[in-house]
Amino acid sequence: MKYFIAVAEERNFGRAAARLHVSQPPITRQIKMLEAELGVLLFERTHWGVNLTPAGEDLLASASQIEALVAFASDRARRAGRGAVGRLDVGVIGTGMISIVPALLRHYLKAHPDVDLIMLNVPQPAQLIALRQRRILITFDRYLPADQDLLVETVAREPLMVALGASHPLAKLSAIPMSALASEPMVMARDPRHREWVTELCRAHGFEPTVSQLAGDMIGGVVMAANGFGVQIVPQSARVLSLPSLVYRPLRSRVRAYDSMELQCAYLKSERSPLLQGLLEVVRNYRKRSRTGTVREAPSTTRVPR
């Protein structure tokens, strides 16, 4: 098409060849191939050059649009290969939605403005099903399983906080030692993985937790804590949830293994999408800046203990 446009505009094969910086025989061959494919003559040859036939005139009217469309499609394909365009489906749930993950996604979109980013907000079991069905490329959550087909990366390790009512006696402290929660009723998320983690934290400090309420998720638990139904242990990012009757205090743990809570991401080991690689680059740069964690891979037969 590029050769056809040059010959049509120059009305001469020699001048078209000079314009395109090629020899004349390739142009002649391409025009003959185009005429054979279309089954029509595009040029009438004369002793001084060529004239367009009616078929050639009609093709020329569309040729520039065709060339531009091919150039656009080619450029888009190259950009898709670099992860610059396309659709990126991301799973996210719980407190990861509050601050860290949205900030990461905004940073990603700033560098990839032509990518359509879609978020799926459903519980983790549905997230993992969607991941394995390739309906999403990556999921962000806490307590992600290190299954054989997944890679799990730490996004951030967040300091622990206690969410409690402003009138609670412990609210007078600038920081709350874990031992002070031994006799306190606790709000926990209904998710058994969260309850297991908090129970392990309490046992590491020598006591069993007293569960007062089960919330649908950590966000609902913060609301319960604000209204005096118990205290809740939350990651630092939960502080963006502000209520008039709610305060947050740093939690002091004497057990290093339980002095923070991980936010993680998981994706299929076999996934090679450039879109995923672009987002992982953002995640890893964030992790590098915050100096938190690496990649966790499942062992051959058992789950990595937490």
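Thresholds applied
- Residues numbered from 1 in each chain as written.
- Predicted model: local features only at pLDDT ≥ 70, side-chain atom pairs only at ≥ 80, totals over all residues.
- Heavy atoms only, no water.
- pLDDT = per-residue confidence, 0-100.
- Helix = DSSP H or I, 4+ residues; strand = E, 2+ residues; numbered from the N terminus.
- Contact = heavy atoms within 4.5 Å.
- Expected span 1.5 Å × (residues − 1).
- Buried < 20%, exposed > 50% of the residue type's maximum accessible area, 1.4 Å probe, protein only.
- Arc of directions from axis to C-beta.
- Polar contact = N/O pair within 3.5 Å; in protein donor to acceptor, adjacent residues only side chain to side chain.
- Phe/Tyr/Trp six-rings, centres within 6.5 Å; stacked < 30°, edge-to-face > 60°.

K.L.:
I tried to follow the confidence of the model for the chain on my own but got confused; where do I start?
P.N.:
Parts of the model with low pLDDT should not have their predicted coordinates read in detail. Per-residue confidence for the chain gives a mean pLDDT of 85; residues scoring 70 or more make up 89%. Averaged over each element, pLDDT in the chain is lowest for strand S13 (residues 295-297) (48) and highest for strand S7 (residues 176-177) (96). Throughout residues 297-306 the model reports pLDDT below 50, and contacts reaching past four residues in sequence, or to other chains, amount to 21 contacts.

K.L.:
Would you take a moment to explain helix H5 (residues 100-111) for this structure?
P.N.:
Along an α-helix, residues three or four positions apart point the same way, because every turn accommodates 3.6 residues. The terminal C-alpha atoms of H5 lie 17 Å apart, and with twelve residues this matches the ideal 16 Å at 1.5 Å per residue to within 8%. Restricting attention to buried positions, one finds in H5 the residues Ile100, Val101, Leu104, Leu105 and Tyr108. In an axial view of H5, the angular spread of the buried residues amounts to 130°, which keeps them on one side of the axis. For H5, the exposed residues lying more than 90 degrees away from the buried face are Arg106 and Lys110.

K.L.:
What exactly am I supposed to notice about the side chain of Thr154 here?
P.N.:
Along the chain, Thr154 falls in strand S6 (residues 150-165). Reaching out from Thr154, the side chain makes a polar contact with the side chain of Glu262 at a distance of 3.4 Å.

K.L.:
How do you make sense of the packing of aromatic side chains when you look at a structure like this?
P.N.:
Two aromatic rings, taken as a pair, are described by how far apart their centres are and by the angle between their planes. Taken as a whole and assessed by the stated rule, the structure comprises three aromatic pairs. Between Phe13 and Phe43, the ring centres sit 6.3 Å apart and the planes meet at 65°, which makes this aromatic pair edge-to-face. Here Phe13 is found in helix H2 (residues 13-20), whereas its partner Phe43 is found in strand S1 (residues 43-45), with 30 residues between them in sequence. The burial state of Phe13 is the same as that of Phe43; both residues are buried. Among the aromatic side chains, those forming a connected cluster through ring pairs are Phe4, Phe13 and Phe43.

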